[in-house]
Amino acid sequence: MPPAIQVENLSKCYRVNHAVARPAYRTLRESLTGALASSVQRLRKGLKTTRHEPFWALDDLSFEVQPGEVLGVIGRNGSGKSTLLKILSRITKPTTGRARIDGRVGSLLEVGTGFHPELSGRENIFLNGSILGMSRPEIRRKFDEIVAFAEVEQFLDMPVKRYSSGMYVRLAFSVAAHLEPEILIVDEVLAVGDAAYQRRCIDRMSALAAEGRTVLFVSHNMDVIPRLCSRALFLEKGRKVAEGPAADVLRRYMGRQTADAPDAENLTGKVHIGDGRAQFTRISHVDADGKPMPVHACGDDLILRLEIRSDRDIRDVALSVVIQTLQGARLISSWTREVDYRVDLFKGVQIYQCHFQRVRLRPGRRVYVQLAMATHNLIDCVEDAQVIEVTDNWETRTLSTESTQGAVVCGYEWSKIAKPQAQHADPCLDQTVGQP
Amino acid sequence: MQLMQETARIAPPITAAPARRVTFIEPPRRWQWVNVAELWRFRDLALQLAWRDIKVRYKQTLLGAGWAIFQPAMMMLVFVVFFHGSGHVSSGELPYPLFVYAGLLPWIFFATAMSSAAQSVVGSERLITKIYFPRLAIPLAAVATAVVDAAMAMVLLVGMMAWYHVAPGPGLLMLPIVFGVIALTATGLGTLLAALNVAYRDVRYVIPFLIQIWMFATPSIYTQTSALPDHVRSLVVFNPMVGLIEGFRAAALGGPMPWTQLAAASTTGVLALLVGCLYFRRIEDTFADTI
């Protein structure tokens, strides 16, 4: 049997238009003349050939996927994963090389492509279905199943703009889930939606794999790859780094992440504020054994080691480590003075360790580490010493990763209090409990 | 267990796989023909897109589809009041309102079809960057939408013919052909402009101009060209729309068919379609990268 997907020396080159740095306009007249000059320039450039910088998003990539195989594609942002999927879904063409796909392809780079907010659920099922490549009779045949799976029966004739976001995503996913291609190409569909939806999506893909369909799957979620994929492909800068059994490739990927880490940890290139008597020179995120950690798993201890180089002996220094969101909200802070931990710096290099216990940050988040040390003057402060990515572990995998959710998580449970005691209860409490 | 049932429900086994479809993905070729077979396979999509546009356009409006009639009707009133009143136009033996409406209808169809096709591709950015389908389906759907509007406007034309007791002659048989040639021309220019619009958004600003100027250059919309001075007539003869609108009117309301002009216009129409589609196909592979 021929391979389901056969990729030979595939390359894709984008021409990057380097934006010319323009001076900031100050007056209206200046901005008008500036705008005129630049449009003339643009016109002249448009007629001649513009100088573009080539950028190879994919560089001589070859691989094969056998029928029935589930291949996971991993790599960091900008490694060429999305470009590969776009080429294989025929959205864009390669610059050189070729690919051969044997079978009916369904590609899901997004759920709900082509959904129109003004149209009803029913109308959108037909529209979205035909966009995904289903014929009208095919959609009609599966219509009831799609509706039942999305659980939107009563709202079928309501415009989807009035749907809740959960209903919207359910309906969109339901249409996609009923596509029956021989080869399915999926991109990060899992990255949106709540946990229940994500699990459904994973179940659906496991089901497809179990039936012997070929799946090519791109995800940042390192938990999902080994569970779903038999094989994996690791891309970096558009080139293949490794290909093989998913677990092996994933290990290489994780290893590569940590091997790269020391550079990211070096703080000498960062912006330092303070009088400079001493400086933070290195930060590393480690586990209990002191081995570097690529990510922080929600609920684990978070251990940071700080290397400090000092010009002289400084007595009674306060050290602080703050974990904050990208927007600058302080989530967790620690301060040596708060716990009466005495720090005396000596001339030379020394390493301190800050150990946060059971840090439960929202999976999917990225947080910044801010470092500072001071006596009564600020000695050194690094605002963005390190970015830490938070992932989920087995217990927290059901949590939503949506950025609108709270940054800190804790266990909680809901219950219904049988009967509000209306007469005797506090009036405030009464309002929150509501009518039975 | 429940999970298994659920997955079984959403993923029925493949039944009788259709003939294997092998796709080759290769670097773009410079020129390529329109893949009619593929376009046919995606006909449902083109129809769905057209249907979507039609439905969406009149959602939450009071007049609804009545707008398709209201627009040409209002323009007809403007022409009747201002042009006919001034006495500079002639409609021969036909009543002027009917005459001008029978000219406006094909013109508005042409203008709407061309401009909505030209805007359609850029307006479908989300689709183009997320899913594959023959891109030509987008401008074709836009033209199909304009066809539906024209069909609505036709209702008023029939009503007016009854009111003025004007019956069509055997020329009526030519109506679908003339209408088809107008559609071809609009599709050709629309796809060409749509493709250009992806790379140069200037096209968006050119279109309203183009339509306005073209309308003035098409006097057959509001007057009999035979009544025009010679130097004007020798200019407008190069405009295929002049003959097409006269042909449309002759087919609908009776009168001599301008055969030579129609033949010339058909040639231009086919040529426009050829150039438009070929250019569109030539650069459609880059749409997702440049849009």
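Residues numbered from 1 in each chain as written. Chains lettered and ligands numbered in written order. Predicted model: local features only at pLDDT ≥ 70, side-chain atom pairs only at ≥ 80, totals over all residues.

Draft legend 1. The sheet that holds strand β11 (residues 278-286) of chain A, seen in detail. Residues and elements named next belong to chain A. Spatial ordering of the open sheet is given by β11-β13-β17, a layout of three strands whose pairing is antiparallel. At either margin of the open sheet sits one strand with a lone partner, and together these are β11 and β17 (348-356). Shown here is a sheet whose adjacent strand axes are inclined to one another by a mean of 20°, direction ignored. Where β11 and strand β13 (residues 302-310) come together, eight bridges link them in antiparallel fashion. Note that in β13 the partner of Q279 across the bridge is R309. (Pairing = 2+ DSSP bridges. Helix = DSSP H or I, 4+ residues; strand = E, 2+ residues; numbered from the N terminus. Axes fitted to C-alpha atoms, helices over the stretch in contact; angles between N-to-C directions.)

Draft legend 2. Just the interface of chain A and chain B, in detail. Counting residues at the interface gives 46 residues for chain A and 33 residues for chain B. Breaking the side of chain A that touches chain B down by element, the ones donating at least two residues are α2 (81-88), β4 (96-102), β5 (105-108), α3 (121-131), α4 (136-150) and α6 (195-210) of chain A. Counting residues per element, the side of chain A that touches chain B draws most heavily on β4(A), at six residues. Among the residues forming the side of chain A that touches chain B, the class breakdown is 17 nonpolar, 13 polar and 16 charged. Bridge count for β4(A) against strand β1 (residues 22-25) of chain B is four bridges, and the pairing is antiparallel. Within β1(B), the residue paired with A:A99 across the bridge is B:I25. (Contact = placed C-beta atoms within 7 Å. Nonpolar A, V, L, I, M, F, W, Y, C, P; charged D, E, K, R; others polar.)

Draft legend 3. Representation of the packing of α3(A) against helix α5 (residues 165-177) of chain A within the structure. Residue and element names in this part refer to chain A. The N-to-C vectors of α3 and α5 enclose an angle of 40°; their axes lie 10 Å apart at closest approach. With respect to α5, the element α3 is oriented oblique. In this structure, α3 crosses over α5, and the sense of that crossing is right-handed. Residues G121, I125, N128 and G129 of α3 form the contact with α5, whose own contacting residues are L171, A172 and V175. For the contact of α3 with α5, a count of residues per class yields four nonpolar, three polar and no charged. (Parallel < 35°, antiparallel > 145°, perpendicular 65-115°, else oblique. Left-handed = near helix turned anticlockwise from the far one by under 90°.)

Draft legend 4. Region of the structure containing the confidence of the model for chain B. Residue and element names in this part refer to chain B. Here chain B shows a mean pLDDT of 85. Residues at 70 or above account for 93%. Across chain B, the secondary-structure element scoring lowest on mean pLDDT is helix α1 (residues 2-10), at 43, and the one scoring highest is helix α8 (residues 175-199), at 94. Low pLDDT, under 50, characterises residues 1-18; the stretch is placed with 18 contacts to residues that sit more than four places away or in other chains. Complex prediction metrics read pTM 0.70 and ipTM 0.79. (pLDDT = per-residue confidence, 0-100.)

Draft legend 5. Expanded view of the packing of α8(B) against helix α9 (residues 202-216) of chain B. Residue and element names in this part refer to chain B. Where α8 contacts α9, the axes come no closer than 7 Å and their chain directions differ by 140°. The residues of α9 that touch α8, namely those facing L193, L196 and N197, are V203, R204 and I207. The residue makeup of the contact of α8 with α9, split by class, is four nonpolar, one polar and one charged.

Draft legend 6. Looking closely at α3(A). Counting buried positions over the eleven residues of α3(A) gives ten, a clear majority of the element. Among all positions of α3(A), only A:G121, A:E123, A:N124, A:I125, A:F126, A:L127, A:N128, A:G129, A:S130 and A:I131 are buried. Check the buried side of α3(A) and you find it contacts α4 and α5 of chain A together with α3 (43-57) and α6 (125-130) of chain B. With its phi angle positive at about 105°, A:G133 sits one or two positions after the end of α3(A). (Buried ≥ 20, exposed ≤ 12 C-beta atoms within 10 Å, placed from the backbone.)

Draft legend 7. Spotlight on the sheet that holds strand β9 (residues 239-245) of chain A. All names here are of chain A. The strand order across the open sheet formed by six strands is β5-β6-β7-β3-β8-β9, and the pairing between neighbours is mixed. In the strand order of this sheet, the two ends are held by β5 and β9, each with one partner. Neighbour-to-neighbour, the strand axes of the sheet open up by a mean angle of 15°, direction not taken into account. Where α2 meets the sheet, it contacts β3 (70-74), β6 (183-187), β7 (214-218) and β8 (231-236), and its direction lies at approximately 145° from that of β6.

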